Amino acid sequence: MTSFSPLNWPVVRQLRNKDPFGRDANTQSAKSEGLEGRIADADRVVQSVCPYCAVGCSQRVYVKDNKVIQIEGDPDSPISRGRLCPKGSASEQLVNSATRLTKIKYRAPYSTEWQELDQDTAMDMIADRYVESRRNGWQDKDEHGRVLNRTMAIAGLGGATLDNEENYLIKKLFTATGAIQVENQARI
């Protein structure tokens, strides 16, 4: 029988071999027999949470040679039960994108060029600006003499990529420094 014979079509083989639902070897081709799953050669699987929204869908991150090769929904998750939205399904592209920035970039005021900064310099710049904003915007009392002890010069917007513990610590930091405008993406 030649490969182009209608008797070799999968649907004919299914009916001839009493496999109407196509769950047996009748539906396999020579090409499909040699295929492997995308995750078959992964070294390890790491549990993670999707970084895109506040739902917190669980993900399985498949790693080979310390490189992410696939990200899928975790079927053991009570939240998402193995399903991911289109953005969550594209998480692997976020990790492996050729356009992903991996160094700290800074553009000085009125400059047209970006420059790279090391982490210590960037953190010092952020801390200095935070302290200066707090100092310049500090309010001890209002016009009626009521104690405020706050600053309106600093606001925080948290993201859903952080877990509860991280958001809790950020909220405590902002509150301890007198900032009262603290919000999270999940509430907006």
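For clarity, every value in this text was computed on a predicted model and none was experimentally measured. (Residues numbered from 1 in each chain as written. Predicted model: local features only at pLDDT ≥ 70, side-chain atom pairs only at ≥ 80, totals over all residues. Heavy atoms only, no water.)

(A) Expanded view of the UniProt feature "domain: 4Fe-4S Mo/W bis-MGD-type" (unreviewed entry) in the protein chain. This chain's UniProt record puts "domain: 4Fe-4S Mo/W bis-MGD-type" (unreviewed entry) on residues 43-99. Taken end to end, residues 43-99 is 18% helix and 35% strand, and its two terminal C-alpha atoms sit 26 Å from one another. (UniProt positions renumbered as here; feature names shortened; annotations may be inferred. Helix = DSSP H or I, 4+ residues; strand = E, 2+ residues; numbered from the N terminus.)

(B) Examining the environment of glycine 145 more closely. Within the secondary structure, glycine 145 is located in the loop between β6 (138-141) and β7 (147-158). Owing to a relative accessible area of 41%, glycine 145 belongs among the partly exposed residues under this scheme. Distance from glycine 145 to arginine 129, taken between C-alpha atoms, is 29 Å for residues 16 residues apart in sequence. (Buried < 20%, exposed > 50% of the residue type's maximum accessible area, 1.4 Å probe, protein only.)

(C) Molecular detail of the sheet that holds strand β8 (residues 179-184). Read across the open sheet, the 3 strands follow the order β6-β7-β8; overall the sheet is mixed. Edge positions in the sheet fall to β6 and β8, since each of these pairs with one other strand and no more. Mean inter-strand twist for the sheet, computed between neighbouring axes without regard to direction, equals 30°. As defined by bridge partners, β6 adjoins β7 across 3 bridges and the pair is classed as antiparallel. Residue tryptophan 138 lies in a different strand from β7, and its bridge partner there is threonine 151. Packed onto the sheet, helix α5 (residues 119-136) meets β6, β7 and β8 and runs at close to 145° relative to β7. Across the sheet, helix α6 (residues 164-176) is in contact with β7 and β8; its angle to β8 comes to roughly 160°. (Pairing = 2+ DSSP bridges. Axes fitted to C-alpha atoms, helices over the stretch in contact; angles between N-to-C directions. Contact = heavy atoms within 4.5 Å.)

(D) Here's a closer look at α6. Helix length check: α6, at 13 residues, gives a terminal C-alpha distance of 18 Å against a target of 18 Å (1.5 Å per residue), a fit within 8%. Positive backbone phi, at 95°, marks glycine 178, one or two positions downstream of α6. (Expected span 1.5 Å × (residues − 1).)

(E) View of the side chain of serine 80. In this structure, serine 80 sits in the loop between β3 (67-73) and α3 (86-89). For serine 80, the contacting residues outside a window of four places in its chain are Cys57, Ser58 and Asp74.

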